[in-house]
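Examining the three-dimensional arrangement
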Amino acid sequence: MASPSVTIDDLRSFHSVDRDIYTRLVMNLLRNPVEALQIMAFWVWIEESGFPNIITKMESVTNLVLNSLVEEAKLCLNYITKEVPPPASTMNNNNGIPIMRNLMNDKQKISFEFLHEHRLNALCGITKTMKNLSKVFDDIIQQAMANAAAVVPPPSSMFVWRGVYETGESSSPSHQSNLNVRAVPWSPADVPHGQRTMFITFSRGYPISESEVLNFFSRYARS
């Protein structure tokens, strides 16, 4: 007997607490929908990494405290996205995330050292969770973007969540770009074919095998 399929309503019901917190982030605190999605995915990853019930505990905090938790989460994401570990004095100083640590029990406390040591797992886990949550939060995202008239790409179409965070994108819908529209286009020097390098970023959130890459370009070359 085939098991019943899970509907979007089932998923929204299962993630009801997550949806409540996300709604507060984008509707009450006017956080950028993509930034808020990253933050929610980070908190989910934290829970799955052995620090349970953090999001549930956030339901009872004020918006002021919730906003402070967002800033702490952004600080944590900064440690996760850095390849080079910060100085030991910084790694051992967790005073920057007091509220988040207060939500945890006495025996389990998150630390910057833990985040950096598990950064690769975090990057994969957060990317995967963002993709899943974007479906669960889709109606809230659309409403938030419509209310703010923000020109922000839907999370499902974004390839690198890390890039959005590290560019320092403002949470304000009225954020204007600082790019110079009159800048002269940059043209690289003529480099021999054998010395050229191409950097590729994939959106799947986990390692890509060499055969998959070769197959992709083989199909592209034939098209």
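In case you missed it, the structure is sitting above this.
Conventions adopted
- Residues numbered from 1 in each chain as written.
- Predicted model: local features only at pLDDT ≥ 70, side-chain atom pairs only at ≥ 80, totals over all residues.
- Heavy atoms only, no water.
- Helix = DSSP H or I, 4+ residues; strand = E, 2+ residues; numbered from the N terminus.
- Buried < 20%, exposed > 50% of the residue type's maximum accessible area, 1.4 Å probe, protein only.
- Contact = heavy atoms within 4.5 Å.
- Axes fitted to C-alpha atoms, helices over the stretch in contact; angles between N-to-C directions.
- Parallel < 35°, antiparallel > 145°, perpendicular 65-115°, else oblique.
- Nonpolar A, V, L, I, M, F, W, Y, C, P; charged D, E, K, R; others polar.
- Core = buried A, V, L, I, M, F, W, Y, C linked by side-chain atoms within 4.5 Å.
- Phe/Tyr/Trp six-rings, centres within 6.5 Å; stacked < 30°, edge-to-face > 60°.
- Salt bridge = Lys/Arg side-chain N within 4 Å of Asp/Glu carboxyl O.

A closer look at the environment of Ile97
- Examined against the element boundaries, Ile97 turns out to sit in the loop between α6 (88-91) and α7 (98-102).
- Residue class for Ile97 comes out buried when judged on its relative accessible area of 0%.
- Taking the C-alpha atoms as reference, Ile97 lies 5.3 Å from Glu72; in sequence the two are 25 residues apart.
- Discounting chain neighbours no more than four positions away, the residues touching Ile97 are Glu72, Cys76, Ile110 and Phe112.

Some details on the packing of helix α3 (residues 33-48) against helix α5 (residues 63-81)
- It is the contact of α3 with α5, at a shortest axis distance of 10 Å, that shows an interaxial angle of 75°. Comparing their axes, α5 and α3 come out roughly perpendicular. Here Glu35, Ile39, Phe42, Trp43 and Trp45 of α3 come into contact with α5, specifically with Leu66, Leu69, Val70, Ala73, Lys74, Cys76, Leu77 and Ile80.
- Here the residues of the contact of α3 with α5 are counted per class, giving 11 nonpolar, no polar and 2 charged.

Digging into the nonpolar core
- In terms of nonpolar packing, the biggest core is built from 46 residues, with Phe42, Trp43, Met100 and Leu115 touching the most fellow members.
- Those elements that place two or more of their residues in this core are α2 (16-28), α3, α4 (54-58), α5, α8 (112-117), α9 (119-136) and α10 (138-148).
- The element contributing the most residues to this core is α3, with 10 residues.
- Ignoring sequence-local partners within four residues, the contact set of Leu115 consists of Phe42, Trp45, Ile46, Cys76, Ile80 and Ile110.

A word on the packing of aromatic side chains
- Tallied over the full model, the rule gives 4 aromatic pairs.
- With a centroid separation of 4.5 Å and 15° between ring planes, the pair formed by Tyr22 and Phe137 is classed as stacked. Highlighted residues: Tyr22 in helix α2 and Phe137 in the loop between α9 and α10, separated in sequence by 115 residues. Grouping residues by exposure puts Tyr22 and Phe137 together as buried.
- Between Phe51 and Phe114, the ring centres sit 5.4 Å apart and the planes meet at 85°, which makes this aromatic pair edge-to-face. One end of the pair, Phe51, is in the loop between α3 and α4; the other, Phe114, is in helix α8, with 63 residues separating them in the sequence.

Brief notes about the pattern of salt bridges
- All told, the structure shown has 5 salt bridges when counted by the stated rule.
- One salt bridge in this structure joins Glu71 and Arg31, with 2.5 Å as the shortest N-O distance. With Glu71 in helix α5 and Arg31 in the loop between α2 and α3, this pair connects stretches of sequence that are 40 residues apart.
- Take Glu71: its relative accessible area is 38%, and that puts it in the partly exposed class.
- Residue class for Arg31 comes out buried when judged on its relative accessible area of 7%.

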